[in-house]
Amino acid sequence: MSRTLLASCLLVTFLSSLPATAVAEDAATGAGSGGGTAAEDSSSNFADGSSTTDDKPSAPPKKKTAKQDGFDPDPEKTWGTFYDPQSVFCGDYDCYKILGFDHETWGDSPPDSKLITRSYRSLSRRWHPDKNRGKQAKDRFVKINRAYEILTNNEKREEYDYLRDRPDEYFHKYGSNVLYKYAPKSDTAFVILLLLSVGCAFTWFAQKAKWQTVADRLVQASVEGLGLKDGGTEESLEIRDEALEMLAAKREAEKIVAAEGSSTPRKKERLTNKEKRLKEQDELRPFVVKLVSEMKDFGAGHHQPTWRDLLVVKLAKVLPALFLMLMTQGKYWTRRARGMSLNDEEREMLTRRAVGEVAWYASSEEDRKEMIKREVWVSSEALEDWREW
């Protein structure tokens, strides 16, 4: 009895010392077959679950990728941007983000020199050209060193933080990277020809506008029948008389045609004096415009444009006119120095300067003689007396 109890205790102790999986397999095998084959099979399995069978080779361990290792192969994407066209600091990148800091997230606790140095050492070891054979390793290592130099220099770092949101002050102090370059060289002859063509067109239309201004005033004075005291001229009165004759002839012809075509006379419209006057002006205007358009020159330079008004022709006349003016002026001062009296040519020159070229050309021959006789160039009073005369 004591021997049986002792054997049972030893068996319990032995079974408790075995692994749970082995005991379970042993029990299951013993229950199914009751032989020692199950014990042999269970003893062939190791604790780590591997098998001694060579049916399937074990898979090689997977290599860790750059991202799984915490390594960014393209760090420029996270370096941010900064307005630094002259590369005074870190160029186009943010010095803080190069070293792994973000100024938008640290709040009131910016990184101190210890954190900056720690991050710099880690990044410099990673991107040192002797340890990293990448194509851009050297360039990135230089940028990391530059960011470290800026952020560990108190003066530079303070200026960098100040200019972050003040690009206008950066531009005022360091300038911009805008480079000016000349456009491709143009053909000089073509440019000169183009400028002369534009200039000729401008002078032609300017002269046309000058003539049209006087023509419009003359048409208005003729149509409205303005007298000499009301702003009209002898010319406008003559044009009005001629236009009235043409209008009368037209009305007479219309009467004849109406009489031949219809036996019943038309009833006359009852119009007020103002309506009659306006109607007559409307009928008279086409004849006046036609007569005025036939007038090529109103005098005083107000003529219809011709080839003589082109810029190239005017430029060709400049040098001779300038030479003539200098000769005339030199001759005038020479005669004054010799104490000689004014001749007719000098009197005319002084008169034209006093009254102006427009008034001189607009005046008749008798008025010009009167100007010279009154010596309007002597004083302003003489010129006013002539204008009142």
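Rules used in this analysis
- Residue positions are counted from 1 within each chain, in the order its sequence is given.
- In view of the model being predicted, local features appear only for residues whose pLDDT reaches at least 70, and side-chain atom pairs are presented and counted only at 80 or more, with totals across whole chains, interfaces and linings using the full set of residues.
- Side-chain metrics in this entry use all non-hydrogen atoms of the structure; hydrogen atoms and water are not considered.
- Secondary structure elements are taken from DSSP: a helix is a run of H or I of four residues or more, a strand is a run of E of two residues or more, and numbering for both begins at the N terminus.
- Any residue under 20% of the maximum accessible area for its type is buried, any over 50% is exposed, and the rest in between are partly exposed; the area is computed with a 1.4 Å probe on protein chains only.
- Only heavy atoms enter the contact rule, under which two residues are in contact if any of them lie within 4.5 Å.
- Surface accessibility follows the Shrake-Rupley procedure with a 1.4 Å probe radius. Residue values consider only the protein chains on display as shielding.
- By definition here, a salt bridge exists when the distance from a side-chain nitrogen of Lys or Arg to a carboxyl oxygen of Asp or Glu is within 4 Å.
- Lining residues are defined by having an atom within 4 Å of a point belonging to a cavity or pocket. Those points lie on a 1 Å grid over the protein atoms alone, cavities being sets where a 1.4 Å probe fits but cannot get out and pockets being open sets with protein on both sides within 12 Å along at least five of seven lines.
- Grid points are joined across faces, edges and corners, and a volume is the space filled by probe spheres set on the points.
- Residue type decides the class: Asp, Glu, Lys and Arg count as charged, Ala, Val, Leu, Ile, Met, Phe, Trp, Tyr, Cys and Pro as nonpolar, and the leftover types, Gly among them, as polar.
- Axis definition: a line fitted to C-alpha atoms, limited for helices to the stretch in contact. Angles are taken between N-to-C directions and run from 0 to 180 degrees.
- Here is the rule for angles: anything less than 35 degrees is roughly parallel, anything more than 145 is roughly antiparallel, 65 through 115 is roughly perpendicular, and the remaining ranges are oblique.
- Only residues whose relative accessible area exceeds 30% and that form no salt bridge are eligible for patches; like-charged ones are grouped when within 9 Å, while nonpolar side chains (Val, Leu, Ile, Met, Phe, Trp, Tyr) are grouped when within 5 Å.
- A positive count includes Lys and Arg, and a negative count includes Asp and Glu. His and the chain ends are not counted in either.
- Note on charges: their place is set at NZ of Lys, CZ of Arg, CG of Asp or CD of Glu.
- Note on aromatic contacts: the rings of Phe and Tyr and the six-membered ring of Trp form a pair at centre separations within 6.5 Å, being stacked when their planes are under 30 degrees apart, edge-to-face when over 60 apart, and tilted otherwise.
- Throughout this description, the term charge over a ring refers to an Arg CZ or Lys NZ atom that lies within 6 Å of the ring centre and within 35 degrees of the ring normal.

Some words on the overall build of the protein chain
Step number 1: Across its full length, the protein chain holds 16 helices and zero strands.
Step number 2: Taking all 389 residues of the protein chain together, 24% fall into the buried category.
Step number 3: For the protein chain, long-range pairs separated by at least 24 residues make up 55% of all intrachain contacts whose partners lie at least 6 apart in sequence.
Step number 4: Surface accessibility of the protein chain: about 29500 Å² in total, with carbon and sulfur atoms responsible for 56%.

Here's the deal with the pattern of salt bridges
Step number 1: In this structure the tally under the stated criterion is 13 salt bridges.
Step number 2: A salt bridge links Asp139 to Lys143; its shortest N-O distance comes to 2.8 Å. In this pair, Asp139 and Lys143 are both assigned in helix 6 (residues 137–152), four residues apart and thus about one turn of the helix distant.
Step number 3: Asp139 sits in the partly exposed class, given a relative accessible area of 41%.
Step number 4: A salt bridge links Arg336 to Glu346, with the shortest nitrogen-to-oxygen separation between them at 3.2 Å. Of the two residues, Arg336 is situated in helix 12 (residues 311–337) and Glu346 in helix 13 (residues 344–355); the sequence distance between them amounts to ten residues.
Step number 5: Given the relative accessible area of 5%, Glu346 is considered buried.

Some words on empty space enclosed by the protein
Step number 1: This model, assessed by the stated rule, comprises one cavity of 30 Å³ or more.
Step number 2: Quantified by volume, the largest cavity comes out at close to 50 Å³.
Step number 3: Around the largest cavity, the lining residues are Thr328, Lys331, Tyr332, Asn343, Glu345 and Glu346.
Step number 4: Taken together, the elements giving at least two residues each to the lining of the largest cavity come down to helix 12 and helix 13.
Step number 5: The leading source of residues in the lining of the largest cavity is helix 12, at three residues.
Step number 6: A breakdown of the residues in the lining of the largest cavity according to their chemical character gives one nonpolar, two polar and three charged.

Remarks on the packing of helix 6 against helix 7 (residues 154–163)
Step number 1: Relative orientation of the contacting elements helix 6 and helix 7 amounts to 95°, with a least axis distance of 5 Å. Between helix 6 and helix 7, the angle is such that the two are roughly perpendicular. Judged by residue contacts, Ile150, Leu151 and Thr152 of helix 6 engage Asn154, Lys156, Arg157 and Tyr160 from helix 7.
Step number 2: Here the contact of helix 6 with helix 7 is composed, by residue class, of three nonpolar, two polar and two charged.

Remarks on unusual backbone geometry
Step number 1: Unlike most non-glycine residues, Ser87 shows phi in positive territory, near 55°.
Step number 2: By the secondary structure assignment, Ser87 is in the loop between helix 3 (37–43) and helix 4 (95–98).
Step number 3: Of note in the backbone geometry, Glu375 takes a positive phi value of approximately 55° without being a glycine.
Step number 4: Within the element layout of this structure, Glu375 appears in the loop between helix 15 (365–374) and helix 16 (380–388).

Structural notes on a positive patch on the surface
Step number 1: Positive charge collects at one region of the surface, where Lys210, Arg308, Lys314 and Lys317 lie side by side.
Step number 2: Along the polypeptide, Lys210 turns up in helix 9 (residues 188–224).
Step number 3: Exposure remark for Lys210: the relative accessible area of 35% places this residue in the partly exposed category.

Some details on the packing of aromatic side chains
Step number 1: Counted by the stated rule, this structure contains twelve aromatic pairs.
Step number 2: These aromatic residues form a ring-pair network of at least three members: Phe82, Phe89, Tyr96, Trp106 and Tyr160.
Step number 3: For the cation-ring pair, Arg166 lies above Tyr162, with the distance from its terminal atom to the ring centre recorded as 4.1 Å.
Step number 4: Note that Arg336 overlies the ring of Tyr332, its terminal NZ or CZ placed 4.8 Å from the centroid.

That's the geometry; what it means functionally is another story.
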